[in-house]
Amino acid sequence: MLTVRDLTVRHPGRTRRSAPVLAVDRVSFDVAAGETLALIGASGSGKSSTAAAVLMLRRPDGGEVWFDGRELTALDESALRPLRPAFQPVFQDPYGSLSPRLRVRDAVAEPLRVQGRWEAGTGPRRVAELLETVGLDPRLGDRLPHELSGGQCQRVGIARALASEPRLLVLDEPLSALDPSVQAGILNLLTDLQDRLGLAYLLISHDLAVVRHCAHRVAVLYDGRIVETVPAPALYEPAGLHPHTRELLAATGVRRLSPGARP
Ligand SMILES: Nc1ncnc2c1ncn2[C@@H]1O[C@H](COP(=O)(O)OP(=O)(O)OP(=O)(O)O)[C@@H](O)[C@H]1O
Ligand SMILES: [Mg+2]
């Protein structure tokens with residue numbers, strides 16, 4: 001479904017004189033329908049830069065991104081626009097990714113309106129369905145983001161992404177801003193949605209417990225490059241892994257997901 005070849009992203013240097021930062025250096029990977037590919041790596045290794053380029057939120061400086069047989073990197077914005085609903089981001093900061101003055105109901109309805117799929121007769125019902133799909137009481141539709149918990153807010157962000165009927169979600173640290181007690185619930189929701197809707201995930205996480213729980217394969221970024229891509233169970237056998245991957249495992253350790261968390 002998603003094919004990334006030799007993706008390269010450069011950021012301007014911090015000062016006018018400093019050299020550009022090569023954040024992503026000829027990165028290649030694939031994500032199949034219904035699959036979760038985790039992208040792991042230390043802070044600054046280029047995970048978010050890769051995500052932004054895959055989503056075409058930031059044009060890559062080199063390489064190709066293919067989605068469902070179309071080369072996104074060859075298209076201009078007007079040709080991309082009708083394809084964008086199929087690949088959606090879910091961000092780390094649940095509050096920051098929602099407009100503070102937009103009620104939940106309107107935040108979820110917005111993609112439908114923008115994409116010309118809003119109908120007065122069925123729209124409200126669709127919004128209620130989407131809220132139910134992510135485990136929220138549709139009555140929360142009246143609320144503003146600051147009237148929700150972090151976990152509820154992240155569920156709204158997911159409902160909003162689902163409104164576009166995507167086939168791929170790009171999740172950049174979707175749990176790390178959340179209280180540990182609600183992380184497992186969101187994680188279960190994501191795996192459940194994948195099963196029900198056949199979604200593909202590009203999952204960025206520094207939390208190896210999360211990665212082990214839901215990834216099928218894991219790509220390890222180090223300094224802008226993928227050092228290896230392995231099946232997720234390989235993380236349990238560090239001896240066979242690349243030294244950088246082992247370092248990452250040792251550095252982050254693996255905690256248990258909160259046992260008291262509600263599904
Ligand atoms: N907007 C920017 N301008 C300049 N440099 C940037 C910008 N965004 C990222 N960088 C640099 O690019 C490199 C990769 O950053 P990126 O945010 O992609 O890493 P990351 O793996 O997502 O890190 P983290 O785990 O901390 O989120 C880093 O050296 C970072 O300092
Ligand atoms: Mg990042």
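Given the structure is predicted, the values throughout are model-derived calculations rather than measurements.

Draft legend 1. Broad picture of unusual backbone geometry. Positive phi is not limited to glycine here, since aspartate 6 has a value of about 55°. If you trace the backbone, aspartate 6 turns up in strand S1 (residues 2-11). Located in the positive-phi region is aspartate 223, a residue other than glycine, with phi close to 50°. Looking at the secondary structure, you find aspartate 223 in the loop between strand S9 (217-222) and strand S10 (225-231).

Draft legend 2. Focus on helix H5 (residues 150-163). Taking 1.5 Å per residue, 14 residues should reach 20 Å; H5 reaches 20 Å between its end C-alpha atoms and fits that length. With respect to burial, H5 is a largely interior element, twelve of its 14 residues being buried. Residues Gly150, Gly151, Cys153, Gln154, Arg155, Val156, Gly157, Ile158, Ala159, Ala161, Leu162 and Ala163 constitute the buried set of H5. Structurally, H5 contributes buried residues whose contacts are with strand S6 (87-90), helix H3 (104-114), helix H4 (123-133), strand S7 (168-172) and helix H6 (180-197). Positive backbone phi, approximately 50°, marks glutamate 165, located one or two places after H5.

Draft legend 3. Molecular detail of the sheet that holds strand S5 (residues 70-71). Spatially, four strands are ordered S2-S1-S4-S5 in an open sheet, and the strand pairing comes out antiparallel. Two strands in the sheet have a free side with no partner beyond their single neighbour: strand S2 (21-31) and S5. As defined by bridge partners, S1 adjoins S2 across seven bridges and the pair is classed as antiparallel. When the bridges of S2 are listed, arginine 10 appears paired with leucine 22. Sitting on the sheet, helix H1 (residues 47-54) touches S1, S2 and strand S4 (62-67), and the angle it makes with S1 is about 120°.

Draft legend 4. Region of interest: the environment of glycine 13. Position of glycine 13 relative to the elements: it lies in the loop between S1 and S2. Linking glycine 13 and proline 243, residues 230 residues apart in sequence, is a C-alpha distance of 29 Å. Contacts of glycine 13, omitting those with residues within four sequence positions, involve Ser18, Ala19 and Pro20.

Draft legend 5. Up close: the sheet that holds S9. The strand order across the open sheet built from six strands is S6-S7-S8-S3-S9-S10, with neighbouring strands paired in mixed fashion. Edge strands, defined here as strands with exactly one partner in the open sheet, are S6 and S10. The mean inter-strand angle of the sheet, taken between neighbouring strand axes irrespective of direction, is 20°. For S6 and S7, the ladder comprises four bridges, and the chain directions are parallel. Counterpart to proline 89 in the pairing with S7 is valine 170. Contacting S6 and S7, H5 crosses the sheet at an angle of about 170° to S6.

Basis of the calculations
Residues numbered from 1 in each chain as written. Chains lettered and ligands numbered in written order. Predicted model: local features only at pLDDT ≥ 70, side-chain atom pairs only at ≥ 80, totals over all residues. Heavy atoms only, no water. Helix = DSSP H or I, 4+ residues; strand = E, 2+ residues; numbered from the N terminus. Expected span 1.5 Å × (residues − 1). Buried < 20%, exposed > 50% of the residue type's maximum accessible area, 1.4 Å probe, protein only. Contact = heavy atoms within 4.5 Å. Pairing = 2+ DSSP bridges. Axes fitted to C-alpha atoms, helices over the stretch in contact; angles between N-to-C directions.

Scope: geometric values only; no functional claims are made or implied.
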